[in-house]
Structure formats: structure tokens, C-alpha cells
Amino acid sequence: MSRLVADCKVAIVGGAGFAGSHMVDYLINKRDCDVLVLDNLSAGRREFVHPNAKFVHADITGSERELYQHFKDFKAKFVWNYASIPYIPVSFERPLHVFNVNAMGALKVINAAQEAGAQAIGQISSAEIYGDGPDEENPTGKVSEEEKAVPHSSYGAAKLAIDSLCQVRWKEAKTPVIAVRQHNMLGERETHPYVVTTIISQLYHRGSTIELGNNSVRDFMYAGDQSRMATELLEKGQFGEVYGLGSEHGVKIYDLAQMIGGVMGVGPVNILVDPARLRPWEIWNLTANCAKIYSVISSRPEVTLEEALGRTVRYYLENGCRWCWE
Ligand SMILES: NC(=O)c1ccc[n+]([C@@H]2O[C@H](COP(=O)([O-])OP(=O)(O)OC[C@H]3O[C@@H](n4cnc5c(N)ncnc54)[C@H](O)[C@@H]3O)[C@@H](O)[C@H]2O)c1
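For clarity, every value in this text was computed on a predicted model and none was experimentally measured.

K.L.:
Would you mind going over the overall build of the protein in detail, with residue names and values included?
P.N.:
Within the protein, the regular secondary structure consists of ten helices and 13 strands. Taken over the C-alpha trace, the protein has a radius of gyration of 19 Å; the compact-globule value for 326 residues is 20 Å, and the two agree within 12%. Expressed as lengths along the three principal axes of its C-alpha atoms, the size of the protein is roughly 55 × 40 × 40 Å. A burial count over the protein gives 56% of its 326 residues as buried. Accessible area of the protein: about 13600 Å², with a carbon and sulfur share of 49%. Put simply, the protein has 33 plus and 39 minus side-chain charges, and the middle of one group is 5 Å from the middle of the other.

K.L.:
Which residues make up the sheet that holds strand β4 (residues 78-81), and what are the values?
P.N.:
The seven strands are arranged β3-β2-β1-β4-β5-β6-β10 in an open sheet whose pairing can be described as parallel. Two strands in the sheet have a free side with no partner beyond their single neighbour: β3 (54-57) and β10 (242-245). Averaged over all pairs of adjacent strands, the angle between their axes in this sheet comes to 20°, without regard to strand direction. Strand direction decides the pairing type here: strand β1 (residues 9-13) and strand β2 (residues 34-39), joined by five bridges, are parallel. Paired with V13 across the strands is L38, a residue of β2. With respect to the sheet, helix α2 (residues 64-74) is in contact with β1, β2, β3 and β4, its orientation differing from that of β2 by roughly 170°. Packing against the sheet, helix α4 (residues 95-115) makes contact with β1, β4, β5 (120-126) and β6 (177-182), and its axis sits at approximately 170° to β5.

K.L.:
Explain helix α7 (residues 223-236) to me, and be specific about the residues and the numbers.
P.N.:
Taking 1.5 Å of rise per residue, the 14 residues of α7 would be expected to cover 20 Å, and the 20 Å separating its terminal C-alpha atoms lies within 8% of that figure. Where burial is concerned, most of α7 is hidden: twelve out of the 14 residues are buried.

K.L.:
Pulling in residues and values, what's your account of the site of the ligand?
P.N.:
Of all residues adjacent to the ligand, which total 31 residues, the nearest are D39, Y155, T191, H192 and Y194. At a separation of 2.6 Å, an oxygen atom of the ligand approaches a polar side-chain atom of D39. Take S42: an N or O atom from its main chain is 3.2 Å from an oxygen atom of the ligand. Coverage of the ligand by the protein amounts to 97% of the 820 Å² it exposes when considered alone. Elements represented by at least two residues in the shell around the ligand include exactly α1 (18-31), β5, α5 (154-173) and β7 (184-186).

K.L.:
Which residues make up the pattern of salt bridges, and what values go with them?
P.N.:
Within the structure shown, the criterion is met by 17 salt bridges. We note a salt bridge from E241 to K292, for which the minimum N-O separation is 2.6 Å. You can see E241 sitting in the loop between α7 and β10 and its partner K292 sitting in helix α9 (residues 291-294), a full 51 residues away along the chain. With a relative accessible area of 26%, E241 lands in the partly exposed category. The salt bridge partner of R314 is E307, with a shortest N-O separation of 3.9 Å. R314 gets classed as partly exposed once you look at its relative accessible area, which sits at 43%. Connected via shared salt-bridge partners are E128, R218, R279 and E282.

K.L.:
Quick rundown of unusual backbone geometry? Include the residues and the values.
P.N.:
Of note in the backbone geometry, D32 takes a positive phi value of approximately 50° without being a glycine. Along the chain, the position of D32 falls in the loop between α1 and β2. Given the relative accessible area of 56%, D32 is considered exposed. Although it is not a glycine, K174 sits at a positive phi angle of roughly 55°. Take K174: it is sitting in the loop between α5 and β6.

So, how was this worked out
Sequence order sets the numbering: in each chain, residues are counted from 1 along the sequence as written. Where totals are concerned, whole chains, interfaces and linings use all residues; where local detail is concerned, this predicted model gives features only for residues with pLDDT of at least 70, and gives and counts side-chain atom pairs only at 80 or more. Derived side-chain values reflect all non-hydrogen atoms in the structure, with water molecules and hydrogen atoms excluded from consideration. For the purposes of this entry, the term helix denotes a DSSP run of H or I that reaches at least four residues, the term strand denotes a run of E that reaches at least two, and both are numbered from the N terminus. Note that the radius of gyration is over C-alpha atoms, with the globule rule given as 2.2 Å times the number of residues to the power 0.38. Residue exposure (1.4 Å probe, protein chains only): buried if accessible area is under 20% of the type maximum, exposed if over 50%, otherwise partly exposed. All accessibility values rest on the Shrake-Rupley procedure with a 1.4 Å probe; residue burial counts only the protein chains present in the view. The sign given to each residue is positive for Lys and Arg and negative for Asp and Glu; His and the chain ends receive no count. For the purpose of locating charges, the reference atoms are NZ of Lys, CZ of Arg, CG of Asp and CD of Glu. A pair of strands is treated as paired once DSSP finds two or more bridges between them. Axis definition: a line fit to C-alpha positions, over the contact stretch in the case of helices; interaxial angles, taken between N-to-C directions, run 0 to 180 degrees. Any two residues whose heavy atoms approach within 4.5 Å are treated as being in contact. Every helix has an expected span of 1.5 Å times one less than the residues it contains. Nearness is defined per residue: one heavy atom within 4 Å of the molecule or strand is enough. N or O atoms within 3.5 Å of each other form a polar contact, as long as, within protein, one can give a hydrogen and the other can take it, and as long as residues adjacent in sequence are counted only when both atoms are side-chain atoms. Within this document, salt bridges are pairs made up of a side-chain nitrogen of Lys or Arg and a carboxyl oxygen of Asp or Glu, the two lying within 4 Å of each other.

Interpretation in functional terms is not warranted from these geometric data alone.
So, in C-alpha cells, the structure goes:
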């Protein structure tokens, strides 16, 4: 059966959030899809959802039967799960809550989607599962799916659990699910004090001296690129497999701050260390090795980091110079 994601019905769980709303836009604008968004709006916003998408208020920690009914009534051919508690510091304080949403809730979505007849299911995971990935002494290292998974946060542990469940459910129940180990994203409609949003608001409100945590290396890609590449993966990837996705370019956070300062016209940026932003366990380098996903899909990132930063800053300036949680 063709897995072409075009002119068909797709349900996006967590589609009112940052990355999920980019996927909704992509499927409606570029793939002529009919989209149903399910979200509890705990972080996402109703106004982030494309006006042509249908919206249902739903909580993935609730009844699996209700999720099933929504997918069934909509006749979803494909289901994506973007719903999660994605802001890692929350997991230091509320590990049970994070596990309940990111692992247990995600499993309910996957089970319900299969039961309702979805042809393929995409689960968004995270590169944060590689807590012991290449460290400070190996700053050029890139993580592939072969890397040992040793999470350093409850967030990462929950993501690893759902990753493993995707692999296992394919083996034990032929659940047609693919997991994406996503590296950092940026773009319009960010929903949490992630590093890019934090730098932008500090530079705007406080001037060129800002406070950050460690100068670790991360890999950033534009959320719209993620939507396009993940869609091709859903069409062509193998069920029961996990695929890392990033830009394959690592950038030190302090260099990123200088780039954002340049985009905003406030450089050079003076960086102070805020002890409150230091993580209990740092992952010094998370840069993607995309060999596995690139052996399956032909699409590649199109928006450069500079351009993505420009779009993110522009969005901030055009939306009252406040992020949605501020
Ligand atoms: N943003 C990044 O840089 C990044 C990097 C790697 C992985 N990820 C993963 O990508 C996915 C999307 O992240 P995001 O940054 O867009 O986060 P987000 O918070 O903007 O999106 C998550 C959405 O899920 C919804 N949600 C949360 N709990 C829910 C529940 N119990 N029931 C229903 N809906 C619920 C929120 O309201 C929100 O709209 C997450 O799985 C995240 O872990 C994000």
C-alpha cells in the first residue's frame, strides 16, 4: 500500500505546539492534507493552529479509547505524535509527570492510532537520550543511532522508553511506527524558554550582556525543514526503527549568542554564566550524524541557521516582543 502523504487525512497530536504547528502548516500548504490537531493546550496555543485544520481538545494521559475514537472518526491515514513536555528542566522537578506524558501518553497515542487503522505513525523522540555521547574531549564527535543511549534527564529517559517501545511494538504487534530522534529546532511560535528564545528575549530586554548556562555544542535545524524531512521519512522509513535527525552542524551556544546578537544588531554579546542555568549533568556535544536517515530520504535542510535565526527574531519582533509563555 502506498504511504504517500498527500491529499489525505493526517492527525497531529501536539499540533498546537511549536514543531507540531509547523508540521500542520506543511501538510496543509504543501501536501494538500486534511489535518486534525489534538492538543491539551498546556504549552501550545489555539492560534498557532492553521485555520484550515480541525481542532480537538484532548489529553494523551487520559483515555486511550477517546484517542482511538478521534482517530477513527476522522479516518486518519497517518498520525504524528509531537505532544510532550519538551522543556528539560521540568523533568528535574516533575519526573513522574514527564514520564506520564512523554512515554505513557505517547504509547497510548501509538496504540490508539494502530487500533484506528493508521497506515503509519510517527513519534518524535529526542537526541537527549545520548547523555554519554561525545563529550568535551571529543567536541567534533557526532551521534548516530549506534551511540550508547544513557540519558542524563528524566526527559531523556522517557524519550528512550518510548523509542524502545516503538521498536518493540513493531516486533510484538506489527505497530507501524517510526521514531525520530530529533536534535534542536528553532523557528516561529517557539513555546518554551529554549536557548534561542532565551537569548533573543535577553538581548531585546536587557541589552548586550546576557546570562547563559554551559557553552555546550548543539545542532539546530529550522522547524519547517523538520516537517518536510520527517514527512518523507514517514513515507519511506522502516517501521520499528529509530532515525536521528539534525543539521549535522554543531554550534557552541556562546557562538550562537553572537550570531543572534548579529541578527538583532546588538553584537558583540557579553556572556555571563548563570549558575541557575547549569544542568546537573551536561551533555557537551550533541551533533547529528544523519547517515541512517539520509540513506532513506532525499530531502535535506534548506534553511540555513542564519536564515532560521532571522525568521525567529522577526517572529518575536512582530508578536509584541514576548514569547507565548512570558
Ligand atoms: N523543540 C526542540 O528543539 C525539540 C528538540 C528535540 C525534540 N523535540 C520534541 O519535539 C516535540 C515537539 O516539541 P515542541 O518544542 O514543539 O514542544 P511544544 O511544547 O511546543 O509542543 C508540544 C505540544 O504538546 C501539547 N501537550 C503537552 N502535553 C500534552 C498532553 N498531555 N496531551 C495533549 N497535548 C499535550 C502541548 O500543549 C504542545 O502544544 C516533543 O516531543 C519534543 O520532545 C523538540
